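The lines below spell out each chain.
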Amino acid sequence: MMLVDVRSQAARDVSLLSRGVDEMITPEDLERKIVRGYEEDLPLIVKEGFDPSAPDIHLGHTVSLRKLKQFQDLGHQVVFLIGDFTGRIGDPTGKNEIRKQLTEEEVIENARTYAEQINVILDPVRTIVEFNSKWLKHLTLVDMIEIMGRFTVARIIEREDFSQRLKAGKPVGLHEFLYPMMQAYDSVALRSDVELGGSDQRFNLLVGREMQRHFGQDAQVVITMPLLEGTDGVEKMSKSLGNYIGISEPPFEMFHKVMVIPDSLVEKYFLLLTEIPEDKIATRQRACRDGALHPRQWKKELAWEIVRMYHGSAAASQADVDFEKAFVLEETPQGARDIIVRETDLANDRIWILKLLRMTGIPSSNSEARRLVEQGGVSLDNQRISDSQAEVALADGGLLRVGKRNFFRIVRA
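Anyway, here's the lowdown on the structure attached to this text. Because the structure is a prediction, the values reported are computed rather than measured. (Residues numbered from 1 in each chain as written. Predicted model: local features only at pLDDT ≥ 70, side-chain atom pairs only at ≥ 80, totals over all residues. Heavy atoms only, no water.)

Section: the overall build of the chain
Scanning the chain from terminus to terminus reveals 18 helices and 13 strands. In terms of overall dimensions, the chain has a C-alpha envelope of 85 × 50 × 40 Å along the principal axes. Each of the 413 residues in the chain was classed as buried or not, and the buried ones make up 48%. About 20,000 Å² of surface is accessible on the chain, with carbon and sulfur atoms providing 50% of the total. Side-chain charges in the chain split into 54 positive and 64 negative, and the spacing between the mean points of these groups amounts to 2 Å. (Helix = DSSP H or I, 4+ residues; strand = E, 2+ residues; numbered from the N terminus. Buried < 20%, exposed > 50% of the residue type's maximum accessible area, 1.4 Å probe, protein only. Areas by Shrake-Rupley, 256 points an atom, 1.4 Å probe, with all protein chains shown as cover. Lys, Arg positive; Asp, Glu negative; His and termini not counted. Charge placed at Lys NZ, Arg CZ, Asp CG, Glu CD.)

Describing the pattern of salt bridges
Applying the stated criterion across every chain, the model contains 26 salt bridges. A salt bridge links R126 to D123; the nearest nitrogen and oxygen atoms lie 2.9 Å apart. In this structure, the salt-bridge partner of K300 is E324, at a minimum N-O distance of 2.9 Å. With K300 in helix α15 (residues 295-311) and E324 in helix α16 (residues 313-327), this pair connects stretches of sequence that are 24 residues apart. With respect to class, K300 is no different from E324; both count as buried. One continuous salt-bridge network, built from bridges that share partners, spans D29, R32, K33, R36, D193, R209 and D218. (Salt bridge = Lys/Arg side-chain N within 4 Å of Asp/Glu carboxyl O.)

A closer look at the nonpolar core
The nonpolar side chains of a soluble globular protein tend to be buried, and buried together. Grouped together as the largest cluster of nonpolar side chains are 64 residues, with contacts concentrated most on L30, L59, V194, I223, Y269 and I306. Per-element accounting of this core gives the leading share, six residues, to α15. In this structure I306 touches L59, M254, V258, Y269 and L273, once residues within four positions along its chain are discounted. (Core = buried A, V, L, I, M, F, W, Y, C linked by side-chain atoms within 4.5 Å. Contact = heavy atoms within 4.5 Å.)

Structure below.
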């Protein structure tokens, strides 16, 4: 390939890779590295590290995973790095207190599920899965002194989470200072050309650039991706907060969860989670803003596309139909479970709502069932039940909804 062609192609690659990026440090460095890769016929080494404390992958994780896939499609080598060693410390990013340290057994068990899940997005043939214990556990005290000697306490406490905790009089463990330095050493061990992470990882990724320079390596390009708000529209998507959409969830649940996100997030979800062209997203968003496209339809297109990506077109279309039945046409969605109610369960042809809920197996006690009712989480034949003392009449084939996504068809026996 002629030099002018190489540079033109590299510029196009950088433009493609810039989609949805929060920050790239720097585009010029990335273009230079890509040009060198074309000239020497060597793919770039593109790395991202994952803390194995919560291995279930949700849509928030896929924001950077999809960026890794873009690098793969351009012929580069992706390293999916599981921080089994640094996971023993726990990433302090965004934490207002010392994180509980994981045992080696916990880390190994959590890490075990990652390889299976990432193959949904990444090409397994072009993905190297590494564990940072491979090199970190062999560092000597002399090695650690050299590494730690490159950074000052003042530099480390520039981190907002550290400084805020210190100002609030909360403890910061010395072991937490090790985390950004160990993550940075990962870049040295892998000789990474590019490292990806969420925007909250910016500090750690920049330390990696400094560490590589110290060891005589070309500093990696840092790419930070926006944090994806969860279904509540406020907090970062997180399993612990319950605002997540898991990539392995059933189609109907996934479709329904997308449909409850705020309208203001639809464009961002399209941009970060799908391959729909940016110009088409902009056109549809403009139509929605101008009133030519209803926001609900715009959101349904998003829900269909996301379900399609992980379950296929047929499952997406069925989830769409089921959603309409459950929430619009008031019919029973596919996948609703039967709950058998016998005559002996009734009194004067009615049943106490808490007793009915206990029969579903979801609430484990009457107090939990009562909370579900009082919090508005129970409906019968699309009528919300708000009185925990209510005795309800049951029609054969009636629909009971418990929470947002659990449906039961009443079978009188």
